[in-house]
Amino acid sequence: MTLHELSPLDVAIASALILINGAISIVLKLGLEKRLALAATRCIVQLALIGYVLEWIFRLERWDVILLLCLVMTVVAGISAVGRVERKLPGLYLNSIVSIFVSSWLVTVVTLLAILGYDSWRETPAQYVIPFLGVILGNTLNGVSLGMDRLGEHLTRRRGEVELLLSLGATRWEAARGPVRDSIRTGMIPMINSMMVVGIVSLPGIMTGQLLSGVAPAAAVRYQIVIMFIIAAGTALGTIGVILLSFERLFNHSHQFLHDEIGEKRK
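Residues numbered from 1 in each chain as written. Predicted model: local features only at pLDDT ≥ 70, side-chain atom pairs only at ≥ 80, totals over all residues. Heavy atoms only, no water.

Novice: I tried to follow the overall build of the protein on my own but got confused; where do I start?
Specialist: Regarding its fold elements, the protein presents 10 helices and zero strands. Counted from the first residue to the last, the protein has its helices and strands arranged as α-α-α-α-α-α-α-α-α-α. Seen along its three principal axes, the alpha-carbon backbone of the protein occupies a region of about 70 × 55 × 35 Å. Split into buried and exposed, the 267 residues of the protein put 33% on the buried side. Long-range contacts, defined as pairs at least 24 residues apart, comprise 74% of the intrachain contacts of the protein with a sequence gap of at least 6. (Helix = DSSP H or I, 4+ residues; strand = E, 2+ residues; numbered from the N terminus. Buried < 20%, exposed > 50% of the residue type's maximum accessible area, 1.4 Å probe, protein only. Contact = heavy atoms within 4.5 Å.)

Shown next as structure tokens:
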């Protein structure tokens, strides 16, 4: 079986389907037409650009260029995660980028060296490094974003309870343990839900792509299992990391809650 090549006309027909979303928005007065148009345009432009870039990188196979692209992807993921947080937290961008960087790169390196069996990440082909890191980054940023958003909202709503516990002699961890745990749980739940229905309700993108390219279903399934588990690990590590870093900035070592560091909710 060979992969069916899509022509520009095929892509144009698929792109036209987005008009259905626009029509629904207009009929129901959702006000999403401009955002849909912008999102669709960005999707086309960004994918077209990355397609050309990856084609060049795959031919070049230089580890320094691959590393640079991976760094750019990581920083963009960290910044994108912050854009979805409604309340500003101290050190928001730095916490996000550091957490996503450490968790995603750690899991990617383990995958390439321990699971795929390459002796060095420099010897790993770009077509493995970039897709694996990309899929981990994409899911980790969602967990990080949801976790930070939940932490800011939770601590704001439960400020009285937290400060009461601190005034009664509780440590900063004892006072913030509930919001911290709830925030981590919020960041991890979407990934857990995806794992619960994968293969029954949905066929993930990478598995679908392999099947379309003619890979045997059993081999595609093994790859997808690995991918789901490394995504889960990256999401968990990234979410825990960003929540703990935010906790350190919001509660000082004198066990005081620095509530004024939390910004107002975006309108």
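Novice: Teacher, can you tell me more about the side chain of Arg172 here?
Specialist: Locating Arg172 in the fold gives a position in helix H8 (residues 172-197). On the accessibility criterion, Arg172 (11% relative accessible area) is buried. When near neighbours in sequence (up to four residues on either side) are disregarded, Arg172 contacts Leu166, Phe247, Glu248, Phe251, Asn252, His253 and His255.

Novice: Help me understand the pattern of salt bridges in this model?
Specialist: Close approach of charged atoms lets side chains of opposite charge pair. Considering all chains together, one arrives at eight salt bridges under this definition. Asp64 is paired through a salt bridge with Arg62; the nearest N and O atoms lie 2.7 Å apart. By relative accessible area, Arg62 is classed as partly exposed at 42%. Among the salt bridges present, the one from Arg172 reaches Glu248, with a minimum N-O distance of 3.1 Å. Linking Arg172 in helix H8 with Glu248 in helix H10 (residues 217-250), this pair joins segments that are 76 residues apart in sequence. Linked through salt bridges whose partners overlap, the residues forming this network are Arg150, Asp182 and Arg185. (Salt bridge = Lys/Arg side-chain N within 4 Å of Asp/Glu carboxyl O.)

Novice: Got a minute to help me understand the nonpolar core in this structure?
Specialist: Side chains of nonpolar character tend, in soluble globular proteins, to be buried together. Formed by 47 residues in total, the largest nonpolar core has its most connected members in Met148, Leu155 and Phe251. For this core, the leading source of residues is helix H6 (residues 126-157), giving 13 residues. The contact partners of Phe251, leaving out residues within four places of it in the chain, are Leu155, Val162, Leu166, Arg172, Ala176, Gln256 and Phe257. (Core = buried A, V, L, I, M, F, W, Y, C linked by side-chain atoms within 4.5 Å.)

Novice: Mind showing me how you'd approach the confidence of the model for the protein here?
Specialist: Segments scoring low in pLDDT should not have their predicted coordinates read at a detailed level. Mean pLDDT for the protein: 87, with 96% of residues reaching 70 or above. Helix H5 (residues 92-115) holds the highest mean pLDDT among the elements of the protein, 93, whereas helix H9 (residues 205-212) holds the lowest, 71. (pLDDT = per-residue confidence, 0-100.)

Novice: Help me out: how do you make sense of the side chain of Ser25 in this one?
Specialist: One can find Ser25 in helix H2 (residues 18-28). With relative accessibility at 1%, the residue Ser25 sits in the buried group. Looking at Ser25, its side chain comes within polar contact range of the main-chain nitrogen of Leu32, at 2.9 Å. Reaching out from Ser25, the side chain makes a polar contact with the side chain of Glu33 at a distance of 2.5 Å. (Polar contact = N/O pair within 3.5 Å; in protein donor to acceptor, adjacent residues only side chain to side chain.)

Novice: Can you walk me through the layout of surface pockets in this structure?
Specialist: Think of a ball as big as a water molecule: rolled over the atoms, this probe shows where empty space is left. Each pocket or cavity is described by its volume, and for the largest pocket that value is around 960 Å³. Around the largest pocket sit 29 residues that line it, and Arg42, Gln46, Leu47, Val76 and Ser80 are the ones nearest its centre. Counting only elements with at least two residues in the lining of the largest pocket, the list comes to helix H3 (33-60), helix H4 (63-83) and H6. Per-element tally for the lining of the largest pocket: the top contributor is H3, with 12 residues. Looking at side-chain class alone, the lining of the largest pocket contains 22 nonpolar, four polar and three charged residues. (1 Å grid on protein atoms, 1.4 Å probe; cavity = no way out; pocket = protein on both sides within 12 Å on 5 of 7 lines; lining within 4 Å. Points joined across faces, edges and corners; volume = space filled by probe spheres on them. Nonpolar A, V, L, I, M, F, W, Y, C, P; charged D, E, K, R; others polar.)

Novice: Is there a simple way to explain the environment of Lys88 in this structure?
Specialist: Within the secondary structure, Lys88 sits in the loop between H4 and H5. Residue contacts for Lys88: discarding those within four places in its chain leaves Glu261, Ile262 and Gly263.

Novice: Whenever I open this one, unusual backbone geometry confuses me. Can you help?
Specialist: Peptide bonds are, in most cases, trans, and in most cases residues other than glycine have a negative phi. Of note in this structure, Lys29 is not a glycine but carries a positive phi near 55 degrees. Structurally, Lys29 is set in the loop between H2 and H3. Lys29 gets classed as exposed once you look at its relative accessible area, which sits at 75%. Of note in this structure, His255 is not a glycine but carries a positive phi near 60 degrees. Along the polypeptide, His255 turns up in the segment after H10. Given a relative accessible area of 35%, His255 falls into the partly exposed group.

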